[in-house]
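# Observations on chain architecture
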Amino acid sequence: MVITKTRSPIRTNVGLKVVMAVTGILLVLFLILHMLGNLKIFTGETSFDHYAHWLRSIGTPLLPTTWFLWIQRAVLTVAVLAHIGAATVLALRARAARPVAYAHRKKIHVNYAARTMRWGGVIILLFVIYHILDLTTGHLNPQGDPANPYGNVVADFAPERWYVTLFYALAVITLGFHLRHGAFSAFRSLGQQTPKGERRARTAALVFAVVLCAGYLMVPFAVLTGLVA
Ligand code: HEM
């Protein structure tokens, strides 16, 4: 009798790709909402600080203050870990399945994209850790006042701290490339599997990544140039 070992559905390659897609969508949703929230800085100090304080009271009085925020943090952390875990297992399996590199040219593009995604992911993770210590806990922020998020942002991207804006810009552009590839894969899977469908998916992914990057970059550059002070 031959006994075959079967994987649970989530551990198959398709299962892991579903994990990547679902967690990717959750993270993208957060990114869209966070970008829109950041743009409130253009509505002035009182309005932005009010918004930041409101974030802590979402769900009240049903939930105690800050509970929603902590649930969101837990969900995002699990999503990030699952996204990285699934990507790592898929990459290791792909390597194990083909120890000898393809000589075909098309494969070079695939490897380039995969490597960019991997290193891009690592840079984004390091950025998020820095960013939380900067604007959430305030440890790396020149002002670090939890009662005044607007002041923290303005102090952070002050013209003499141009290197902070540069670092944020590089991280956001890395995020843009990561999102473009992720969104392209998702749109391609959902759309028509034809050259025209692929071209549309590529354009939609590019537009999405550029809009998100521009939305994020506007805030540090507005402070750097004195538009927001
Ligand atoms: C480049 C422009 C950005 C600005 C001006 C900005 C601003 C902020 C501010 C002010 C906070 C603190 C909110 C508060 O606690 O009141 C925050 C938190 C956070 N940001 Fe950003 N952010 C930017 C980009 C990003 C990017 C690109 C990511 C993800 C890749 C990100 C992820 C987060 C996370 C995870 C938190 C913590 C949320 C929490 O408290 O649970 N941010 N950001």
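Keep in mind it's a predicted model, so treat the numbers as computed, not measured.

### Overview of the site of the ligand
- Every one of the 18 residues lining the ligand counts as a neighbour, but His34, Asn38, Arg56, Arg73 and His131 are closest to it.
- Arg56 places a side-chain nitrogen or oxygen 2.7 Å from an oxygen atom of the ligand.
- Side-chain polar atom of His131 to a nitrogen atom of the ligand: 2.7 Å apart, as the coordinates give it.
- If you list the elements that add at least two residues to the shell around the ligand, you get α1 (13–38), α2 (45–57), α4 (105–136), α6 (162–190) and α7 (195–224).
- Taken together, the residues that form the shell around the ligand break down as twelve nonpolar, four polar and two charged.

### Some remarks on the environment of Trp67
- In this fold, Trp67 is placed in helix α3 (residues 67–97).
- Judged by relative accessible area, Trp67 falls into the partly exposed class, the value being 48%.
- On a C-alpha basis, the gap between Trp67 and Arg56 in space is 7.9 Å, while along the polypeptide they are eleven residues apart.

### Some points on the packing of α2 against helix α5 (residues 149–156)
- The contact between α2 and α5 brings their axes to 8 Å, and the two run at 115°. Classified by the angle between their axes, α2 and α5 sit roughly perpendicular to one another. Packed against α2, whose contacting residues are Glu45, Phe48, Asp49, Ala52 and His53, the element α5 presents Pro149, Tyr150 and Val153 at the interface.
- Partitioning the contact of α2 with α5 into residue classes produces five nonpolar, one polar and two charged.

### Focus on the confidence of the model for the protein chain
- Confidence along the protein chain averages 92 in pLDDT terms, with 92% of residues attaining 70 or more.
- The weakest mean pLDDT in the protein chain belongs to α4 at 85; the strongest belongs to α5 at 98.

### Section: unusual backbone geometry
- Cis geometry marks the peptide bond from Thr60 to Pro61, where omega comes out at 5°.
- Of note, Pro61 is situated in the loop between α2 and α3.
- A positive phi is found at Thr66, a non-glycine position, where the angle reads about 65°.
- Residue classification places Thr66 among the partly exposed residues on the basis of a relative accessible area of 27%.

### Topic: the packing of α6 against α7
- Where α6 meets α7, the closest approach of the two axes is 8 Å, and the angle between their N-to-C directions is 160°. The angle between α6 and α7 places the two elements in the roughly antiparallel class. Remark: the crossing between α6 and α7 carries right-handed chirality.
- Looking at the contact of α6 with α7 residue by residue, the class counts come to 21 nonpolar, two polar and four charged.

### Some words on the environment of Ser185
- Of note, Ser185 is situated in helix α6.
- Residue class for Ser185 comes out partly exposed when judged on its relative accessible area of 24%.
- Taking the C-alpha atoms as reference points, Ser185 and Ala205, 20 residues apart in sequence, are found 8.8 Å from one another.

### Quick look at the coordination of the iron atom of the ligand
- The iron atom of the ligand binds to the protein through His34 (NE2) and His131 (NE2), with metal-donor distances spanning 1.9 to 2.0 Å.
- One way to put it: the six donor atoms around the iron atom of the ligand meet at angles of 87 to 180°, and that makes the site octahedral. Here His131 lies in helix α4 and His34 lies in helix α1, a separation of 97 residues in the sequence.

Cut-offs and rules
- Residues numbered from 1 in each chain as written.
- Predicted model: local features only at pLDDT ≥ 70, side-chain atom pairs only at ≥ 80, totals over all residues.
- Heavy atoms only, no water.
- Near = heavy atom within 4 Å.
- Polar contact = N/O pair within 3.5 Å; in protein donor to acceptor, adjacent residues only side chain to side chain.
- Helix = DSSP H or I, 4+ residues; strand = E, 2+ residues; numbered from the N terminus.
- Nonpolar A, V, L, I, M, F, W, Y, C, P; charged D, E, K, R; others polar.
- Buried < 20%, exposed > 50% of the residue type's maximum accessible area, 1.4 Å probe, protein only.
- Axes fitted to C-alpha atoms, helices over the stretch in contact; angles between N-to-C directions.
- Parallel < 35°, antiparallel > 145°, perpendicular 65-115°, else oblique.
- Contact = heavy atoms within 4.5 Å.
- pLDDT = per-residue confidence, 0-100.
- Left-handed = near helix turned anticlockwise from the far one by under 90°.
- Donors = N, O, S within 2.8 Å, 3.2 Å for Na, K, Ca; no water.
- Tetrahedral: all angles 85-135°; square planar, octahedral: opposite > 155°, others 65-115°.

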